[in-house]
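Each chain, written out:
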Amino acid sequence: MRLPIVPEAPYSTTFMLVSDDGERTPDAFGKLVVNNGSVSTVRYCWTHMHRLKSIAVWVLQFLLAALFAIQGIVKLTGSQAWISRFRRWGYPDRFYFAVGLAELVGSILLLVPRLAKVGALLLIVVMAGATATHFLHREPQAIITLVVLALLCLVLYLRRAA
């Protein structure tokens, strides 16, 4: 793989990332073979960016998990405010319980690395329903649910390779 990198020398050259056995490698901590034959070990700035991206995704996942855990627990405890809202929207009795359980399970799954995508998918389904409900009843919360839905989609997108 050829990488355009500005070398420390005052002249420009092309680098090729290779492993210790001479094979090309995508490893960020491999050796660079310069076109004049010298070898140097280097850490690329994109490894730091990858690490920062990973940290940012985990922070986002934690914040979303906290939000959905709190909302799920409130619904599971039978909050009168949520019961009256679900009745006003025309949902069956105790539907708030199913939504609260889905939110709580989704929030837990968001924090488990191997299950984070499943948690994000579950919460995307919940938020799609919430967004549709708010739009159908012409409520301003539809904007908030759209933002949360977009953040969940972002988590799912960034976790696609994990």
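The shown structure was predicted, so the numbers you read here are calculated from the model rather than taken from an experiment.

About the cut-offs
Residues numbered from 1 in each chain as written. Predicted model: local features only at pLDDT ≥ 70, side-chain atom pairs only at ≥ 80, totals over all residues. Heavy atoms only, no water. Patch = residues over 30% accessible without salt bridge, like charges linked within 9 Å, V, L, I, M, F, W, Y side chains within 5 Å. Areas by Shrake-Rupley, 256 points an atom, 1.4 Å probe, with all protein chains shown as cover. Salt bridge = Lys/Arg side-chain N within 4 Å of Asp/Glu carboxyl O. Helix = DSSP H or I, 4+ residues; strand = E, 2+ residues; numbered from the N terminus. Buried < 20%, exposed > 50% of the residue type's maximum accessible area, 1.4 Å probe, protein only. Phe/Tyr/Trp six-rings, centres within 6.5 Å; stacked < 30°, edge-to-face > 60°. Lys NZ or Arg CZ within 6 Å of the ring centre and 35° of its normal. Core = buried A, V, L, I, M, F, W, Y, C linked by side-chain atoms within 4.5 Å. Contact = heavy atoms within 4.5 Å.

S.K.: With reference to specific residues and values, describe a nonpolar patch on the surface.
M.R.: A cluster of nonpolar residues, Phe 135, Ile 143, Leu 146, Val 147, Leu 151, Leu 154 and Tyr 157, forms a patch on the protein surface that exposes about 640 Å² of accessible area. One can find Val 147 in helix α5 (residues 141-158). For Val 147, a relative accessible area of 46% translates into the label partly exposed.

S.K.: Which residues make up the packing of aromatic side chains, and what values do they have?
M.R.: Per the counting criterion, the structure on display carries seven aromatic pairs. Feature note: the residues Trp 82, Phe 86, Trp 89, Tyr 91, Phe 95 and Tyr 96 constitute an aromatic cluster, connected by ring pairs. The ring of Trp 82 has Lys 75 sitting right over it, with the charged end atom 3.9 Å from the ring centre.

S.K.: I'd like a description of the nonpolar core, backed by residues and values.
M.R.: Ranked by internal contacts, the top residues of the largest apolar core, which has 13 residues, are Leu 64, Phe 68, Leu 110, Met 127, Val 148, Leu 152 and Val 155. Going through the elements one at a time, α1 (45-76), α4 (116-136) and α5 are the ones with two or more residues in this core. Setting aside residues no more than four positions away along its own chain, Leu 110 makes contact with Trp 58, Gln 61, Leu 64, Ala 65, Ala 116, Gly 119, Ala 120, Leu 123, Leu 152 and Val 155. Core analysis: the next-biggest nonpolar cluster, separate from the first, contains eight residues, Trp 82, Val 99, Ala 102 and Val 126 among them.

S.K.: Got a sec to walk through the pattern of salt bridges? Specific residues and values, please.
M.R.: Counted by the stated rule, this structure contains two salt bridges. Here Glu 103 makes a salt bridge to Lys 75, at a shortest N to O gap of 3.0 Å. Here Glu 103, found in helix α3 (residues 95-110), pairs with Lys 75, found in helix α1; they are 28 residues apart in sequence, far enough to count as distant. Judged on exposure class, the residue Glu 103 and its partner Lys 75 are both buried. Between Glu 139 and Arg 88 there is a salt bridge, with its nearest N and O atoms 3.2 Å apart. With Glu 139 in the loop between α4 and α5 and Arg 88 in helix α2 (residues 80-88), this residue pair connects regions lying 51 residues apart in the sequence.

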